[in-house]
Structure formats: C-alpha cells, structure tokens
Amino acid sequence: MLRCGQMMLAQALICRHLGRDWQWETHKKQPEEYHKILRCFIDRKDCCYSIHQMAQMGVGEGKSIGEWFGPNTVAQVLKKLALFDEWNSLAVYVSMDNTVVIEDIKKMCWCPPQSSSAARGSTFSHRSALSQNKNTAGFCSGWKPLLLIIPLRLGINHINPIYIDAFKECFKMPHSLGALGGKPNNAYYFIGFLGNELIYLDPHTTQIFVDLEENGTVDDQSFHCQQTPHRMKIMNLDPSVALGFFCKEEKDFDNWCSLVQKEILKQQSLRMFELVQNHPAHWPPFVPPAKPEVTTSGAELIESTDKLLELEEEFEILSV
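About the criteria used
Residues numbered from 1 in each chain as written. Predicted model: local features only at pLDDT ≥ 70, side-chain atom pairs only at ≥ 80, totals over all residues. Heavy atoms only, no water. Helix = DSSP H or I, 4+ residues; strand = E, 2+ residues; numbered from the N terminus. Buried < 20%, exposed > 50% of the residue type's maximum accessible area, 1.4 Å probe, protein only. Areas by Shrake-Rupley, 256 points an atom, 1.4 Å probe, with all protein chains shown as cover. Pairing = 2+ DSSP bridges. Axes fitted to C-alpha atoms, helices over the stretch in contact; angles between N-to-C directions. Contact = heavy atoms within 4.5 Å. Disulfide = S-S within 2.5 Å.

Draft legend 1. Representation of the overall build of the protein chain. For the protein chain, the helix and strand inventory stands at nine helices and eleven strands. Split into buried and exposed, the 320 residues of the protein chain put 45% on the buried side. When the accessible surface of the protein chain is totalled, it reaches about 16800 Å², and 52% of it is carbon and sulfur.

Draft legend 2. Layout of the sheet that holds strand β10 (residues 240–247). In space, the seven strands of this open sheet follow the order β1-β5-β10-β6-β7-β8-β9, with mixed pairing throughout. Looking along the sheet, the strands with just one partner apiece sit at the ends: β1 (91–94) and β9 (230–233). This sheet shows a mean twist of 30 degrees between the axes of neighbouring strands, independent of strand direction. Across three bridges, the pairing between strand β6 (residues 176–183) and β10 is antiparallel. Following the sheet pairing, Ser 176 is matched in β10 by Phe 245. Lying on the sheet, helix α4 (residues 71–82) is in contact with β1, β5 (146–153), β6 and β10; it crosses β1 at an angle near 155 degrees. On top of the sheet, helix α7 (residues 164–172) reaches β6, β7 (186–194), β8 (197–201) and β10; it is set at about 80 degrees to β7, its chief contact.

Draft legend 3. Up close: the side chain of Glu 86. By the element assignment, Glu 86 lies in the loop between α4 and β1. With a relative accessible area of 9%, Glu 86 lands in the buried category.

Draft legend 4. Geometry of the state of the cysteines. For the structure shown, the criterion picks out zero disulfides. Distance from the sulfur of Cys 109, which forms no disulfide, to the nearest cysteine sulfur (Cys 247) is 8.2 Å. The exposure class assigned to Cys 109 is buried, which follows from its relative accessible area of 0%.

This is the structure:
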C-alpha cells in the first residue's frame, strides 16, 4: 500500500509539472522537472516521499514500522509529508466521513501573498531531508494545486454492487488519479476499467535498488510499467478504497464538482460519498493543515534514533 500511495502521488506530480498528456519513452531525454519528481521517491531516508519517510510518518497514525497500511492511512501520511514539500506545493485534502466540503478545500487551496521576509522566515534554517524540494515556487500566491483523496468503505465484507457504476464513473473523469485498494493481503493501484474488470498496477515486484547517478539523474527503467497491467473482477475488490483526483487550478476543481453532481450523486439512491458546499455545523472548525514548527525532519529523526541506539550500545559496553 505504501508503493501504491507513491504511485498515485507520482501521477499527481506528473500532472502538476509535465501535464496529463505526458508519456514516458525509453531513452528519451526528459525535462528537469521529471528528474526532480523521480528524486522525491528514491528509497533513501533523505528523499521526501521515500518508503522510509512514509513508514516513519505512519507511526504518527498508529502504524508501527512494517505494519499493514490501509488506503486511509496512506492518504493521511501523504497529507502530512506534503506539508514539508515546498517545491511541489500541493494542497492535500483527505475527506472525512465520506464527505467532501467545497468551502474547506477552497480555504485550504487559496493562500495569501507572502512577503519575501515572511517567506524566508518560514523556511528551515538547516539542511533537512525535505528541504531539498523547496524553492520560491513553494511560496504560492493564489491557488495551490489540489490532490483530493476520498477514502471510502463500499460495503462490509464485499463491495456493494450498488456502488459499481459510480465507482467506474470516477475513472472517466479528466481529474482522476485512479484508486488505492486491492483484495485481502494484496494492495493494488487501480488506473481504469474494462467492462466489469478493473485495470491495476501490482507493486509486488522485487527490483534492484536504484540510487542517484553521479550527474544527479536516475536510472528510471524500473519506475515505469514494463509489462501489461493486470485485470481483476470488480466484485473481487476489497470494499476499503481511496479515490484520487488532481485539480491544478480552481476551475478544474469547479469542473470536478459539476461532474460529481451530474454523473455520480444525482443518479445514486445510495451515494458513494457526499459533496457539500459549507462546512457541517456539527463538525469541529476546519483549520487548514500547516507545517509543524519543528527543527528536525522525519529523516533526521530516523538518523538521530539510529545514533541514539549506537550511543546506548556504547554506554552499555563501557558500563560492563
């Protein structure tokens, strides 16, 4: 599920920097933005969306290292990590109680202009694992590109057939990033459908570790699908899923809202999720997520923990 979350986020970053129509071609020279995206996902502690960072951030969600992550947990982890990623400058909204609140999203995505001194004051004063992605693009004045994730439960033990048409309709939307889900003990990244079958990418593939080349590029062969995607019957889907959508501009989000009202909500007697204009009165006040005031990053936390263990071992030896 960690890898599936990385795939959905990577697709969002491609849409953000390279455009939805961009396609990868073997041995073709790629723009610098492409290589910067790849560097976000390398399996190293100092890369902002590495598996190390995601697993470590999951501890705050009550998941120990190595413990099973569900779609909602991965969504919450991505939302937290994105706060430290100033280069991509994404606003990550994870819906609560199957409800998407338009007012909250617009409040989160619209950020006021910052003075240069305020911008400088908000940065880390030292090198961190996540500061490698910051530049002036991180201090936005206007709409922040939106990664919208909607965790859902589409049944109890099995998917309820009443949701199938609406679920398939989501893949048709131009804003779709697919869905996180799978079946018991297997997480998949779903990217489309054909008839009553879902098309998915399977992360359960052992591959050689990839690191940065001396010139700063990455051998990207294993980052892309080298074989035909898999298919599975939609009724075999585990009911716990998370839909993903990307809206680069406010007009894209407005268009998404219109499509949801037209294609999903109006045709369903039992709705897959709700789309409301205003923040529900019985909910706690909405506070846009902000980067915590910390002096260390997740990667440095891992490193400091390793050093602490080493010191404890040395102390035990000296004590003996």
